Amino acid sequence: MDLGISGRRALVCASSKGLGKGCAMALAEAGVDLVLNARGAEALEATAEEIRAAHGVNVTTVAGDITAEDARAKVLTEAGDVDILVTNAGGPPPGMWSDWTRDDFIKALDANMLTPIALMTALLPGMTDRGWGRVVNITSQSVKAPIPQLGLSNAARTGLTGYVAGTARQVADKGVCINNLLPGSHATDRATALEKGIATARNVSMDEAQKIRLAAIPSGRYGTIEEFGATCAFLCSQHAGFIIGQNILLDGGQTNATI
Ligand code: NAP
């Protein structure tokens with residue numbers, strides 16, 4: 001399917017690895033020029049080179065912490081008038097409700113709620129002026145069904161979801177579509193980190209920890225970054241113009257709900 005976005009420009013945050021990289025790859029395959037960001041410059045440049053070689057699109061990189069105001073300003077300067085924004089950043093660590101301090105919550109809110117809001121605040125005016133835009137926020141299945149040990153993530157991402165629900169409806173008549181993509185369990189470094197958490201907490205091997213996680217997924221496997229990226233690219237496509245303020249779950253059936 002021709003996604004109808006060849007020649008458009010996208011900013012994909014936190015995209016040297018994992019789900020962000022999957023989104024960047026799929027957008028590049030659709031002919032979209034990219035601005036990529038991550039903290040580590042080496043992996044970021046390697047991903048940019050891989051994408052240039054595979055798809056021949058223009059890719060620029062800005063290394064820096066997207067949750068920090070100064071680095072975010074540099075990313076936004078490079079991004080300029082992008083048509084597409086994919087927000088993403090690392091997730092907060094797991095833990096126990098009784099241990100979390102105000103500072104822990106502020107950090108989580110900064111990374112997973114206020115950073116995507118700041119990016120949208122900066123880029124939505126250009127999109128609405130030009131009459132076309134797409135925003136995809138990478139959130140988590142935890143906004144539909146809480147993951148108890150990820151309380152910091154549950155809280156921050158649910159706040160973002162509420163913001164998107166209203167804001168998406170305020171810009172929809174200007175040709176701008178904002179939606180959220182909710183990963184379940186995907187084969188990335190984050191999955192390995194979560195497996196380590198289980199292995200330590202339950203005193204089991206990494207293999208055993210992976211089996212425990214996979215047993216909860218009806219598909220019996222982790223999702224891939226390619227299928228995640230393809231869904232993101234579709235939400236950024238010309239064909240997704242009537243999809244507004246939705247939360248699209250990619251979780252292999254893990255969230256046990258009828259709708
Ligand atoms: P990942 O494989 O660990 O990749 C994270 C990417 O983001 C890397 O490129 C990393 O590069 C970059 N990054 C992290 N923090 C950043 C920051 N502050 N500023 C700029 N770049 C940053 O993670 P993932 O699995 O793709 O997860 C992406 C998001 O989805 C996370 O918020 C995660 O919590 C959420 N999620 C993932 C899953 C899953 O199963 N994978 C499930 C639910 C939710 P640098 O380290 O070099 O910055």
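To start, this report covers the structure provided alongside it. Since the structure is predicted, the reported quantities are computational estimates derived from the model, not experimental observations.

Looking at the pattern of salt bridges
Thought 1: Summed over all chains, the structure comprises eight salt bridges.
Thought 2: The closest approach of N and O atoms between Glu 45 and Arg 52, which form a salt bridge, is 3.0 Å.
Thought 3: Among the residues examined, Arg 52 registers a relative accessible area of 25% and is labelled partly exposed.
Thought 4: Across the pair Lys 174 and Asp 173 runs a salt bridge whose closest N-O atoms are separated by 3.4 Å.
Thought 5: Taking the relative accessible area as the measure of exposure, Lys 174 reaches 38% and is therefore partly exposed.
Thought 6: Its relative accessible area of 63% is what places Asp 173 among the exposed residues.
Thought 7: Each of Glu 45, Glu 49 and Arg 52 takes part in one network of salt bridges that share partners.

Thoughts on the site of the ligand
Thought 1: In the vicinity of the ligand, 28 residues are found, and the nearest of them are Ser 16, Leu 19, Ala 89, His 186 and Thr 188.
Thought 2: With respect to the ligand, the backbone of Asp 189 contributes an N or O atom lying 3.5 Å from an oxygen atom.
Thought 3: Burial of the ligand by the protein chains amounts to 90% of its free accessible area of 890 Å².
Thought 4: Taken together, the residues of the shell around the ligand sort by class into seven nonpolar, 15 polar and six charged.

Regarding the pairing of strand 4 (residues 84-87)
Remember that side chains alternate between the two faces of the sheet whenever the strand is regular.
Thought 1: Both faces of strand 4 are covered, namely the face carrying Ile 84 and Val 86 and the face carrying Leu 85 and Thr 87.
Thought 2: In the sheet, strand 1 (residues 9-12) pairs with strand 4 via three bridges, with the strands oriented parallel. Note that in strand 4 the partner of Val 12 across the bridge is Val 86.
Thought 3: As judged from the four bridges shared by strand 4 and strand 5 (residues 133-138), these two strands associate in the parallel manner. Paired with Ile 84 across the two strands is Arg 134, which belongs to strand 5.
Thought 4: Since strand 4 and strand 5 lie parallel, the crossover through helix 4 (residues 102-130) that links them has a hand, and here it is right-handed.

Some details on the nonpolar core
Thought 1: One finds Ile 5, Val 12, Leu 27, Leu 34, Leu 36, Ile 51 and Ile 84 to be the most contacted residues of the largest nonpolar core, which totals 34 residues.
Thought 2: For this core, the elements supplying multiple residues, two or more each, are strand 1, helix 1 (18-29), strand 2 (33-38), helix 2 (41-55), strand 4, strand 5 and helix 8 (225-235).
Thought 3: Sort the elements by how many residues they give to this core and helix 1 lands first, with seven residues.
Thought 4: Those residues in contact with Leu 34, other than ones at most four positions away along the chain, are Ala 10, Val 12, Ala 24, Leu 27, Ala 28, Ile 51, Asn 58, Val 59 and Thr 60.
Thought 5: Grouped together as the second largest cluster of nonpolar side chains are 26 residues, Ile 66, Leu 119, Met 120 and Val 176 included.

Here we look at the packing of aromatic side chains
Thought 1: This model, assessed by the stated rule, comprises one aromatic pair.
Thought 2: Sitting over the face of the ring of Trp 132, Arg 8 holds its NZ or CZ atom 3.7 Å from the ring centroid.

Some details on the sheet that holds strand 6 (residues 176-183)
Thought 1: One open sheet holds the seven strands; their spatial order is 3-2-1-4-5-6-7, and the pairing between them is parallel. Only two strands of the sheet have a single neighbouring strand rather than two, namely strand 3 (59-63) and strand 7 (247-250). In this sheet, adjacent strand axes meet at a mean angle of 15° when their direction is disregarded.
Thought 2: Note that strand 2 and strand 3 share five bridges and pair parallel. Its bridge partner being in strand 3, Leu 34 is matched across the sheet by Val 59.
Thought 3: Here helix 8 sits on the sheet in contact with strand 4, strand 5, strand 6 and strand 7, set at roughly 165° to strand 6.

What counts and how
Residues numbered from 1 in each chain as written. Predicted model: local features only at pLDDT ≥ 70, side-chain atom pairs only at ≥ 80, totals over all residues. Heavy atoms only, no water. Salt bridge = Lys/Arg side-chain N within 4 Å of Asp/Glu carboxyl O. Buried < 20%, exposed > 50% of the residue type's maximum accessible area, 1.4 Å probe, protein only. Near = heavy atom within 4 Å. Polar contact = N/O pair within 3.5 Å; in protein donor to acceptor, adjacent residues only side chain to side chain. Areas by Shrake-Rupley, 256 points an atom, 1.4 Å probe, with all protein chains shown as cover. Nonpolar A, V, L, I, M, F, W, Y, C, P; charged D, E, K, R; others polar. Helix = DSSP H or I, 4+ residues; strand = E, 2+ residues; numbered from the N terminus. Pairing = 2+ DSSP bridges. Right-handed = clockwise from strand over helix to strand, strands pointing away. Core = buried A, V, L, I, M, F, W, Y, C linked by side-chain atoms within 4.5 Å. Contact = heavy atoms within 4.5 Å. Phe/Tyr/Trp six-rings, centres within 6.5 Å; stacked < 30°, edge-to-face > 60°. Lys NZ or Arg CZ within 6 Å of the ring centre and 35° of its normal. Axes fitted to C-alpha atoms, helices over the stretch in contact; angles between N-to-C directions.

Don't take any of this as a statement about function, it's just geometry.
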